[in-house]
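Structure assessment
Now for the letters of each chain:
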Amino acid sequence: MKVTVTTRSGRELIKGQLELNDSATVTDLQEAIHKRTKKYYPSRQRLTLPIKPGSKEKPTVLQSKKSLKEYTDGNIDQLTIVFKDLGPQVSYPILFFWEYLGPLLIYPIFYFFPVYQYLGFKGERVIHPVQTYALYYWCFHYFKRIMETFFVHRFSHATSPLSNVFRNCAYYWSFGAYIAYYVNHPLYTPVTDLQMKIGFGFGILCQVSNLYCHIILRNLRGDGSGGYQIPSGFLFNIVTCANYTTEIYQWLGFNIATQTVAGYVFLFVAAFIMTNWALAKHRRLKRLFDGKEGRPKYPRRWVILPPFL
Ligand SMILES: NC(=O)c1ccc[n+]([C@@H]2O[C@H](COP(=O)([O-])OP(=O)(O)OC[C@H]3O[C@@H](n4cnc5c(N)ncnc54)[C@H](OP(=O)(O)O)[C@@H]3O)[C@@H](O)[C@H]2O)c1
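Rules used in this analysis
- The residue numbering used here restarts from 1 in each chain and proceeds along that chain's sequence as written.
- In keeping with the model being predicted, local features are shown solely for residues with a pLDDT of at least 70 and side-chain atom pairs are shown and tallied solely at 80 or more, while totals for entire chains, interfaces and linings include all residues.
- By convention in this description, side-chain values take in all heavy atoms of the structure and omit both hydrogens and water.
- It suffices for a single heavy atom of a residue to lie within 4 Å of a molecule or strand for the residue to be listed as near it.
- Two N or O atoms count as a polar contact when they lie within 3.5 Å, although within protein this holds only if one can serve as hydrogen donor and the other as acceptor, and sequence-adjacent residues are included solely when both atoms are side-chain atoms.
- Accessible surface area values rest on a Shrake-Rupley calculation with a 1.4 Å probe, where residue burial reflects the displayed protein chains alone.
- A helix here means a DSSP run of H or I that spans at least four residues, while a strand means a run of E at least two residues long, and both kinds are numbered starting from the N terminus.
- Think of a salt bridge as a Lys or Arg side-chain nitrogen and an Asp or Glu carboxyl oxygen that are within 4 Å of each other.
- Per-residue accessibility, obtained with a 1.4 Å probe over protein chains only, is compared with the maximum for each type, and a residue is labelled buried under 20%, exposed over 50%, and partly exposed between these values.
- Throughout, a contact is declared for two residues whenever any of their heavy atoms are within 4.5 Å.
- Ring pairs are drawn from Phe, Tyr and Trp, using the six-membered ring of Trp, whenever the two centres fall within 6.5 Å, and their geometry is named by plane angle: stacked under 30 degrees, edge-to-face over 60, tilted for the rest.
- Definition used: whenever NZ (Lys) or CZ (Arg) falls within 6 Å of the ring centre and also within 35 degrees of the ring normal, the charge is taken to sit over that ring.

The subject of this paragraph is the site of the ligand. S156, H214, Y228, N243 and Y244 are the nearest of the 26 residues found near the ligand. A distance of 2.4 Å separates an oxygen atom of the ligand from a polar side-chain atom of Y228. Side-chain polar atom of E247 to an oxygen atom of the ligand: 2.7 Å apart, as the coordinates give it. For the ligand, whose unbound accessible area comes to 880 Å², protein coverage reaches 92%. Of all the elements in the fold, those that place two or more residues in the shell around the ligand are helix 2 (92-112), helix 5 (163-183), helix 6 (193-220), helix 7 (242-258) and helix 8 (261-288). Here the element with the most residues in the shell around the ligand is helix 8; it accounts for six residues.

Written out as structure tokens, the structure is:
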């Protein structure tokens, strides 16, 4: 099979054609492109079928595990493929590791080191019990997230654009510093003992539930297929994104116990992001499981925050 690889502007990416076996897969083609170009390793490549000029249709994206034959229109000798460079890529575990490492290391700096003295605050700093528990709670949260990244999540995409590392780190690292600054501040006023216990107690319950939700999601990909299934069991029986629900509520628990404007700002921003993602995930599951042609129908469920949404 002879494959012509063009860029989206119609220019030939590889001079001449690539010669591949008739049984070659999309992965084989990606490796052949990599061999010839050196720069474009497989996860950097997005391969599509050409579309008619002026057409508004979305191009068909080639799936790496599929055979190239499946994308030919009868003529298995010739195939034209359109190539797009997705830019430098980074694996998902590495992306998540860097974004979570920041808050895990930055927060304790404000607790353990004389940061406020350097910032001009005179006098002795008295550490309240709630500030110590907040440190444990915070570090447990981000440590758990790193552990989940490496040992629990089964991602469907191998990589993400490198630029996301900078964007996501900016988000997590700056919020980490912002909250740590106010919770550990020498002028911080603690909430009552009862409020602290309710907040942390509720938050820990939600963190453990969040871990359990992630284990349920992991088991949906037990066969290693990487596709999407209808999540069920525990809170997933009532809400599509129970993992986000428990994530939002665990931050609420932290904020009930620590009560800072910075913490609540983070809660609202995170809830806003997760709500948008949850709406998209809910829509995708409803589209995949539409009850037609033997496919199961997605059950009626809340999206993220019952009884509101
Ligand atoms: N504080 C914040 O701003 C914030 C924002 C977002 C997330 N988070 C936290 O980070 C965690 C991870 O978030 P995430 O958005 O990356 O992933 P996610 O949606 O929570 O999913 C975790 C893993 O389960 C997989 N999965 C999800 N739904 C599935 C289904 N129906 N069938 C099979 N597998 C499924 C995902 O696959 P894919 O790889 O295909 O997605 C992913 O690998 C969240 O649960 C939350 O605790 C925090």
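This next bit is on the pattern of salt bridges. Counted by the stated rule, this structure contains six salt bridges. Among the salt bridges present, the one from R44 reaches D85, with a minimum N-O distance of 2.8 Å. A residue pair is termed long-range when its members are at least 10 positions apart, and R44 in the loop between helix 1 (26-37) and strand 3 (45-48) and D85 in strand 4 (residues 78-85) qualify at 41 residues. What makes R44 buried here is its relative accessible area of 9%.

What follows is about the side chain of N168. Inspection of the secondary structure puts N168 in helix 5. Residues within four places of N168 in sequence aside, it is in contact with L95 and E99.

Each aromatic ring pair is characterised by the separation of its centres together with the angle its planes make. According to the stated counting rule, one finds 35 aromatic pairs in the structure shown. For the ring pair F97 and W98, a centre distance of 5.4 Å and an interplane angle of 75° mean the geometry is edge-to-face. The exposure class of W98 is partly exposed, given its relative accessible area of 39%. Lying across the ring of Y111, R125 places its NZ or CZ 5.9 Å from the centre. Over the face of the ring belonging to Y228 we find R221, whose NZ or CZ atom lies 4.9 Å from the ring centre.

With respect to the helices and strands, the residue V82 is situated in strand 4. Take V82: its relative accessible area is 13%, and that puts it in the buried class.

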